[in-house]
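Observations on the model geometry
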Amino acid sequence: MVKENGNSDQHGRTLSLRLRVWRQNRGQPGHFEEHFLAAVPETASFLEMMDMLNEQLIREGKDTFAFDHDCREGICGMCSMTINGMPHGPLPGVTTCQLHMRNFRDGETITVEPWRARAFPVLKDLAVDRSAFDKVIQSGGFITVRTGSAPEANHTLVPKQVADEAMDAAECIGCGACVASCKNGSAMLFVGAKINHLNILPQGQPERERRTLAMVKTMDEAGFGNCTNYGECQAHCPKSITLDVIAKLNRDYLRARVKEFFSSTGKPSKGGE
Amino acid sequence: MKLESKIPAGPLADKWNNHKAKLRLVNPANRRKYHIIVVGSGLAGSAAAASFAEMGYEVSCFCYQDSPRRAHSIAAQGGINAAKNYQNDGDSVRRLFLDTIKGGDYRAREANVYRLAQVSTSIIDQCVAQGVPFAREYGGLLANRSFGGAQVSRTFYARGQTGQQLLLGAYSALSRQIGAGTVKMYPRHEMLDLVLVDGQAKGIVTRNLVNGEIKAWASDVVVLCTGGYGNVFYLSTNAQGCNVTATFRAHRRGAGFANPCYTQIHPTCIPVHGEDQSKLTLMSESLRNDGRVWVPKDKADCGKPASEIPEDRRDYFLERKYPSYGNLAPRDISSRAAKEVCDEGRGVGQMVDGKRLGVYLDFSAAINRLGESAIRERYGNLFDMYENITGENAYRQPMRIFPAVHYTMGGLWVDYNLQSNIPGLFVGGEANFSDHGANRLGASALMQGLADGYFVLPYTVTDYLAGVGLSGRPSVDRPEFKAAVKEVQDRTQWFLQNKGTRSARSYHKELGKIVWEKCGMARDKAGLQQAIKDLEALRADFWKNVRVVGSGEQLAPELERAGRVADFLDFGIMMCLDALSREESCGGHFRTEYQDSGEAKRNDDQFAHAAVWEWQGENKHPVRHIEPLVYEEVQFTTRSYK
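If you're wondering where the values come from, they're calculated on a predicted model, not measured in any experiment. (Residues numbered from 1 in each chain as written. Chains lettered and ligands numbered in written order. Predicted model: local features only at pLDDT ≥ 70, side-chain atom pairs only at ≥ 80, totals over all residues.)

Here the focus is the overall build of chain A. Across its full length, chain A holds eight helices and seven strands. Oriented by its inertia axes, the alpha-carbon framework of chain A measures out at about 70 × 45 × 40 Å. Buried residues in chain A amount to 51% of all 273 residues. Across chain A, the fraction of contacts at a sequence separation of at least 24, relative to all contacts at a separation of at least 6, is 70%. (Helix = DSSP H or I, 4+ residues; strand = E, 2+ residues; numbered from the N terminus. Buried ≥ 20, exposed ≤ 12 C-beta atoms within 10 Å, placed from the backbone. Contact = placed C-beta atoms within 7 Å.)

Structure (structure tokens):
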């Protein structure tokens with residue numbers, strides 16, 4: 001159906017909603033709170049609807065719901081709501097901030113929860129602590145290059161196909177929807193994307209094994225679960241990162257372990273530090 | 001206020017190299033004895049923090065987001081300029097320098113801009129080595145695209161998310177240092193004051209946003225890379241958290257704020273849809289290559305769907321006014337033209353606040369000429385994004401666009417070393433005023449952030465530290481720190497205890513409306529004077545009636561917002577004062593009294609200077625100082641696009 005443009009003088013549709021929103025203080029058990037919100041324009045984004053709810057709470061003298069958000073254009077990866085059981089809501093390939101209210105019905109009940117994962121403890125209400133992702137990167141998600149020591153950029157040839165493949169993986173915004181959607185709370189899609197980005201580029205080769213072993217080790221220690229190929233992560237990834245990054249991560253991990261085994265000198269391994 | 005630009009002597013092309021050769025050094029073994037505080041983790045902040053740590057300094061880095069990777073540099077779409085001349089099309093350092101000076105309408109400092117162009121090439125080397133997946137040719141070499149304000153192809157890009165990829169590069173360098181223990185990273189910390197000891201910047205006060213702890217941190221030097229102030233307009237393309245607080249707190253401690261009235265309005269954003277909107281979304285400027293901009297000739301047609309308005313009743317106003325550049329006229333010019341037709345009542349789209357603020361960007365001619373699939377290939381992702389936000393299919397009906405605040409060229413005043421007038425306070429990236437004059441060219445913000453962070457600050461901060469000596473950083477038990485902590489605590493408590501009735505957001509919206517109307521795309525004397533009065537009244541009301549819910553001991557978004565809005569209110573007044581006192585038009589600053597039939601009219605005799613504002617105390621107007629801009633090599637000319 002072709003929609004005619006929003007040029008008419010009549011305002012667009014508005015919605016009345018019943019909202020079940022998670023309320024939790026740090027270190028304490030949480031619960032759902034129920035609120036009614038009227039006159040939500042269908043043109044509003046989901047986060048603007050949450051702003052309206054918070055403004056209503058302020059008028060009533062009640063505490064607002066804390067939630068993470070920043071760029072509101074789908075790239076910073078900060079927004080993180082589980083909407084009706086789905087991380088980032090019902091639309092494929094978008095973040096919470098890019099979800100608009102026209103995708104909901106008038107009178108609908110909407111359930112809003114934080115990311116649910118052991119490795120992402122709740123800070124308050126809908127905001128969680130995702131620093132485990134940063135720790136994974138800190139352990140090896142980089143190419144070691146000191147400022148000023150880089151060679152002339154065009155001295156390194158990168159075939160277009162390789163650059164494109166690296167770019168596909170590098171689109172990951174680190175939001176954590178993959179972990180939140182996984183029954184096991186696994187971070188394999190995130191770690192797979194990060195490892196693929198760096199491991200397939202020529203610049204990433206010298207540290208390839210070391211990087212892979214270190215990042216997987218940190219991932220395991222951070223409390224993420226194992227991958228059992230449900231594929232939910234791919235379905236909810238707002239950047240449409242695909243499962244093959246996990247297959248390639250497994251291949252690179254195996255390769256690194258084998259290399260580590262055969263290069264072992266009997267001394268304790270330094271790999272992964 | 002002492003404003004010494006400290007531009008080195010000698011020919012323009014040799015200044016930076018000569019200067020570097022004279023800068024003092026710190027012995028590698030002594031570097032770990034110095035503590036550097038970096039506030040902000042965008043391109044400039046992450047790059048600087050990582051580089052300092054690689055050199056051996058002890059570094060602490062603070063950001064308000066939950067991870068340094070989320071800073072708003074991440075949202076840049078188009079690309080990053082560098083004078084590599086890989087296209088063999090005549091580019092050079094000098095050409096990039098000249099384009100940037102001209103693009104800035106001759107209101108930037110010559111020597112700084114030249115240095116920016118010089119180090120641009122090293123930035124690309126650095127980023128490629130880090131694994132930034134720039135677009136490539138089939139042969140494996142780097143690809144380029146062209147951008148506004150230049151006649152060469154010098155822009156490097158990574159699909160439509162160059163900002164994210166460059167930031168991930170800087171973030172990975174920073175993460176390596178955090179993992180190695182040389183940088184201590186403090187995410188979800190907001191800087192709420194700068195601490196001076198004996199007139200030198202020696203630390204900051206932060207609030208831990210998770211548990212509310214207010215704490216003082218001492219250091220040998222403080223580096224602010226905290227971004228721009230576009231959110232003073234409430235609606236902008238900036239992230240929700242972007243704020244002026246860090247730089248404004250430094251301003252209150254004596255740092256000069258330069259050219260606050262220079263703001264960039266981007267012409268192609270999705271229009272405002274309603275009162276509850278929180279954010280404006282940019283649509284890449286590249287769309288104007290194939291889209292034609294128009295509005296109805298007759299107001300009476302404005303309520304009709306575009307398909308019911310015949311060709312002869314349409315006004316393609318950019319093509320009419322600027323025949324040689326047409327729909328590709330520069331940002332400031334296109335924005336003003338769109339505002340004009342909407343002010344005449346010929347805007348299109350939904351009524352918001354009794355006005356239609358939008359113009360059509362119509363692809364039907366291009367679709368007829370090239371076919372829908374060609375357009376889909378070029379702009380498919382943008383059309384999808386547009387449909388996702390507006391619910392409209394731009395292959396079937398024209399897009400609606402309107403200008404929005406995008407970038408701010410003004411910022412804390414810095415000398416050639418990027419040091420403010422407070423010794424020990426350095427400022428990098430969008431937070432300083434240094435390189436873009438009165439208007440920034442596309443793909444130059446990323447370049448400046450990384451230039452400052454990777455290739456300027458490591459040299460100039462080292463020089464400062466060598467001068468400080470090894471006497472050691474002051475103790476946080478000193479009265480200066482205790483007093484600053486007390487002030488922040490008192491202000492926080494005041495917000496939490498005030499029995500007000502209005503939310504901080506409602507004040508922010510009202511502030512945004514005032515400055516957008518009176519200090520936005522077009523400004524005039526009477527409007528600015530009115531805006532200052534209105535803002536003073538709004539500020540007085542804010543300090544009586546603001547209501548902040550939540551507790552001080554955990555995440556308290558309303559408390560954060562109230563503090564930022566309070567600073568924006570003071571800042572908004574300063575911005576209007578700056579616009580009022582700059583009696584000329586240049587770049588993004590357009591005073592309707594100073595024009596040649598719609599074109600900006602500069603006054604080089606009286607205003608070829610940076611205006612620098614000095615804080616005078618609560619509820620007092622700041623005082624204006626000037627730094628004359630001395631051009632040694634460039635001649636002033638008039639920009640014309642007719």
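All names here are of chain B. In spatial order, the strands read β5-β2-β1-β9-β19; together these five strands make up an open sheet with parallel pairing. The outermost strands of the open sheet, each flanked by one partner alone, are β5 (183–186) and β19 (425–427). Pairwise comparison of adjacent strand axes, ignoring direction, gives a mean angle of 20 degrees for this sheet. Relative to β5, strand β2 (residues 58–62) runs parallel, the two being bridged by four bridges. Each bridged residue has a counterpart across the sheet, and for Cys61 the counterpart in β5 is Met185. (Pairing = 2+ DSSP bridges. Axes fitted to C-alpha atoms, helices over the stretch in contact; angles between N-to-C directions.)

Residues and elements named next belong to chain B. When its domains are assigned, chain B resolves into domain 1 (36–209 + 218–227 + 238–262 + 409–468), domain 2 (265–406) and domain 3 (479–628). Each of domain 2 and domain 3 has a C-alpha centre, and these two points are 31 Å apart. Facing the six residues of domain 2 at the interface are six residues of domain 3. No other element matches the four residues that helix α9 (residues 331–343) contributes to the side of domain 2 that touches domain 3. (Domains from an automatic or database assignment.)

Further remarks concern the nonpolar core. Val179 of chain A together with Val223, Leu224, Leu412 and Cys576 of chain B are the most contacted members of the largest nonpolar core, which totals 286 residues. Considering each element in turn, this core owes the most residues, 14 residues, to helix α16 (residues 557–581) of chain B. Discounting residues that sit within four places of it in the chain, Val223 of chain B has contacts with Ile36, Ile37, Val38, Ala48, Phe426, Gly428, Leu457 and Val461 of chain B. (Core = buried A, V, L, I, M, F, W, Y, C linked by C-beta atoms within 7 Å.)

Moving on, we get to the interface of chain A and chain B. Between chain A and chain B, the residue contacts involve 73 residues of the former and 76 residues of the latter. Those elements giving two or more residues to the side of chain A that touches chain B turn out to be α1 (46–59), β6 (122–124), α2 (131–140), α3 (160–170) and α5 (188–199) of chain A. Residue contributions to the side of chain A that touches chain B peak at six residues, all from α1 of chain A. Within the side of chain A that touches chain B, the residues separate by chemical class into 30 nonpolar, 22 polar and 21 charged. (Nonpolar A, V, L, I, M, F, W, Y, C, P; charged D, E, K, R; others polar.)

Within the element layout of this structure, Thr156 of chain A appears in the loop between α2 and α3. It is 28 Å that separates the C-alpha atoms of Thr156 of chain A and Asp134 of chain A, two residues lying 22 residues apart in sequence.

A word on helix α13 (residues 479–497) of chain B. All names here are of chain B. Under the 1.5 Å per step criterion, the end-to-end length of α13 is 26 Å for 19 residues, consistent within 8% with the ideal 27 Å. Of the residues making up α13, those classed as buried are Phe481, Ala484, Val488, Thr492 and Phe495. Along the axis of α13, the buried positions cluster into a sector of 70 degrees, meaning they face one direction only. Structural note: α13 exposes Pro479, Asp490, Gln493 and Gln497 on the side pointing more than 90 degrees away from its buried face. Tucked into the core, α13 has its buried residues touching β6 (189–197), β7 (200–208), β8 (214–218) and α16. (Expected span 1.5 Å × (residues − 1). Arc of directions from axis to C-beta.)

What follows is about the domain arrangement of chain A. Residue and element names in this part refer to chain A. Split by domain assignment, chain A resolves into domain 1 (14–124) and domain 2 (130–262). The gap between the C-alpha centroids of domain 1 and domain 2 is 30 Å. Here the side of domain 1 that touches domain 2 is built from residues that sort into nine nonpolar, seven polar and two charged.

Our next topic: the confidence of the model for chain A. For chain A, per-residue confidence averages 93 on the pLDDT scale, and 93% of positions sit at 70 or higher. In this model residues 1–10 of chain A is a low-confidence stretch, pLDDT under 50, and it forms 22 contacts with partners more than four residues away in sequence or in other chains. (pLDDT = per-residue confidence, 0-100.)

Next up on the list: the pairing of strand β24 (residues 609–614) of chain B. Inspection of the sheet shows strand β10 (residues 257–258) of chain B paired to β24 of chain B by two bridges, in the antiparallel sense. Among the inter-strand pairings, Ala258 of chain B is bridged to a residue of β24 of chain B, identified as Val612 of chain B.

With that out of the way, let us pick up α1 of chain A. Between the first and last C-alpha of α1 of chain A there are 20 Å, a value that for 14 residues agrees with the 20 Å anticipated at 1.5 Å per step. A large share of α1 of chain A lies buried, amounting to 10 of its 14 residues. By the burial criterion, the buried members of α1 of chain A are Phe46, Leu47, Glu48, Met49, Met50, Asp51, Met52, Leu53, Asn54 and Ile58 of chain A. Contact partners of the buried residues in α1 of chain A: β1 (14–23), β2 (31–41) and β3 (82–83) of chain A together with β20 (502–503), β21 (546–547) and α16 of chain B. Directly beyond the C-terminal end of α1 of chain A, a positive phi value near 75 degrees is found at Gly61 of chain A.

Let us look at the sheet that holds strand β11 (residues 263–269) of chain B. All names here are of chain B. Spatial strand order, β11-β17-β16-β12-β13: five strands in an open sheet with antiparallel pairing. The sheet terminates laterally at β11 and β13 (314–315), the two strands that pair on one side only. With two bridges connecting them, strand β12 (residues 292–296) and β13 associate as antiparallel partners. Along β13, the bridge assignment pairs Val295 with Asp315. Of the strands in this sheet, β11, β12, β16 (359–362) and β17 (399–408) are in contact with α9, which crosses β11 at around 70 degrees.

This part takes up the confidence of the model for chain B. Segments scoring low in pLDDT should not have their predicted coordinates read at a detailed level. Per-residue confidence for chain B gives a mean pLDDT of 95; residues scoring 70 or more make up 100%. Scoring the predicted complex yields pTM 0.96 and, for the interface, ipTM 0.95.

Turning next to the packing of helix α3 (residues 43–55) of chain B against helix α6 (residues 162–180) of chain B. Residue and element names in this part refer to chain B. Where α3 meets α6, the closest approach of the two axes is 8 Å, and the angle between their N-to-C directions is 30 degrees. In this structure, α3 meets α6 at a crossing whose hand is left-handed. Residues Leu43, Ser46, Ala47, Ala49, Ala50, Ala53 and Glu54 of α3 touch α6, and the partners they reach there are Leu166, Leu167, Ala170, Tyr171, Ala173, Leu174 and Gln177. Residue composition of the contact of α3 with α6, by class: 11 nonpolar, two polar and one charged. (Left-handed = near helix turned anticlockwise from the far one by under 90°.)

Residues and elements named next belong to chain B. With a phi close to 45 degrees, Arg159 is a non-glycine residue in the positive phi region. With respect to the helices and strands, the residue Arg159 is situated in the loop between β4 (155–156) and α6. The class for Arg159 is partly exposed, based on 17 C-beta atoms found within 10 Å. In the Ramachandran plot, Tyr234 falls in the positive-phi region, its phi being about 60 degrees despite a non-glycine side chain. Tracing the chain through its elements places Tyr234 in the loop between β9 (221–224) and α7 (245–252). For Tyr234, a count of 24 C-beta atoms within 10 Å puts it in the buried group.

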